[in-house]
Amino acid sequence: MAVRARETLESKQISITTLGILMVVVVGYTVLYNQFANTLEDYRLKTIVGVISLVIMMGGFLISLRYITTSYEMVITHDRLIIDRKIFFWKKNVLEVKTDDIKEILSGEEVKKAEGKMRNYTLTNMDGKRKYVIQYETQGKICCVKIQCTGKFIDTLKKQAKI
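In this text, all values refer to a predicted model and were calculated from it rather than measured experimentally.

Participant: How do you make sense of the nonpolar core when you look at a structure like this?
Facilitator: One broad trend across soluble globular proteins is that nonpolar side chains are buried collectively. Residues Ile 83, Ile 102, Ile 134, Ile 147 and Leu 157 are the most contacted members of the largest nonpolar core, which totals 26 residues. Of all the elements in the fold, those that place two or more residues in this core are β1 (3-10), β2 (70-77), β3 (80-87), β4 (90-98), β5 (102-107), β7 (130-138), β8 (141-149) and α3 (151-161). Each residue touching Ile 147, except ones within four places of it in the same chain, is listed here: Met 74, Ile 83, Tyr 121, Thr 122, Arg 130, Lys 131, Tyr 132, Ile 134 and Ile 154.

Participant: Just checking my understanding: could you explain the pattern of salt bridges for this structure?
Facilitator: Pairing is possible between side chains of opposite charge, provided their charged atoms come close. Evaluated as defined, the whole model comprises six salt bridges. For Glu 73, the salt bridge is made with Lys 86, and the minimal N-O distance between the two is 3.9 Å. Here Lys 86 lies in strand β3 and Glu 73 lies in strand β2, a separation of 13 residues in the sequence. Given the relative accessible area of 29%, Lys 86 is considered partly exposed. Of the charged contacts, one joins Lys 103 and Glu 137 as a salt bridge, the two residues approaching to 3.7 Å between their closest N and O atoms. Of this pair, Lys 103 sits in strand β5 while Glu 137 sits in strand β7; the two residues are 34 residues apart in sequence, bridging distant segments of the chain. According to the relative accessible area criterion, Lys 103 is partly exposed, its value standing at 46%.

About the criteria used
- Think of each chain on its own: its residues are numbered from 1, step by step along the sequence as written.
- Only residues with pLDDT of at least 70 get local features here, since the model is predicted, and only at 80 or more are side-chain atom pairs given and counted; chain-wide, interface and lining totals rely on the full set of residues.
- Remark: hydrogens and water are excluded; side-chain values derive from all non-hydrogen atoms of the structure.
- By nonpolar core we mean a set of buried residues, namely Ala, Val, Leu, Ile, Met, Phe, Trp, Tyr and Cys, connected to one another through side-chain atoms within 4.5 Å.
- Exposure categories follow from relative accessible area, calculated using a 1.4 Å probe and restricted to protein chains: below 20% of the type maximum is buried, above 50% is exposed, and the middle band is partly exposed.
- The helix and strand labels rest on DSSP assignments: H or I over at least four residues marks a helix, E over at least two residues marks a strand, and numbering proceeds from the N terminus.
- We call two residues in contact when some of their heavy atoms are within 4.5 Å.
- Salt bridge criterion: a side-chain nitrogen from Lys or Arg within 4 Å of a carboxyl oxygen from Asp or Glu.

Take it as geometry only, folks, not as evidence of what the structure does.
Shown next as structure tokens:
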């Protein structure tokens, strides 16, 4: 299994504006919780509200951490396109398509032409990495996958798929 092309799509660092918005949300949430908790006189109710507040904050933190640390490893071999998703140290193969099954590769602007079930393996907009839609046939159904990669990677895929 000779590797023809390999690319990794990683989340970029959080921008200063996003970090500022997150800080405002955390401080605002904390101030509102504090004002609400100070109005309560029953300690059991304060404890319940505190635990619920903590669970909400932890859930929000874990969800944001998941989106910040997600990366995709894409590999084109002599006959397959393989995409693995990595979140921290968990790695999962999310797509494996034979290049012979690929019917069409569309640019991100032509997404409306895509038919079938769409899966999305992209991140935020990044310099040098455009979004593409790959239409492929599996078990008689047409499926679509949206990926984000460089032009060199997509050209290699087009050559392998003979499009």
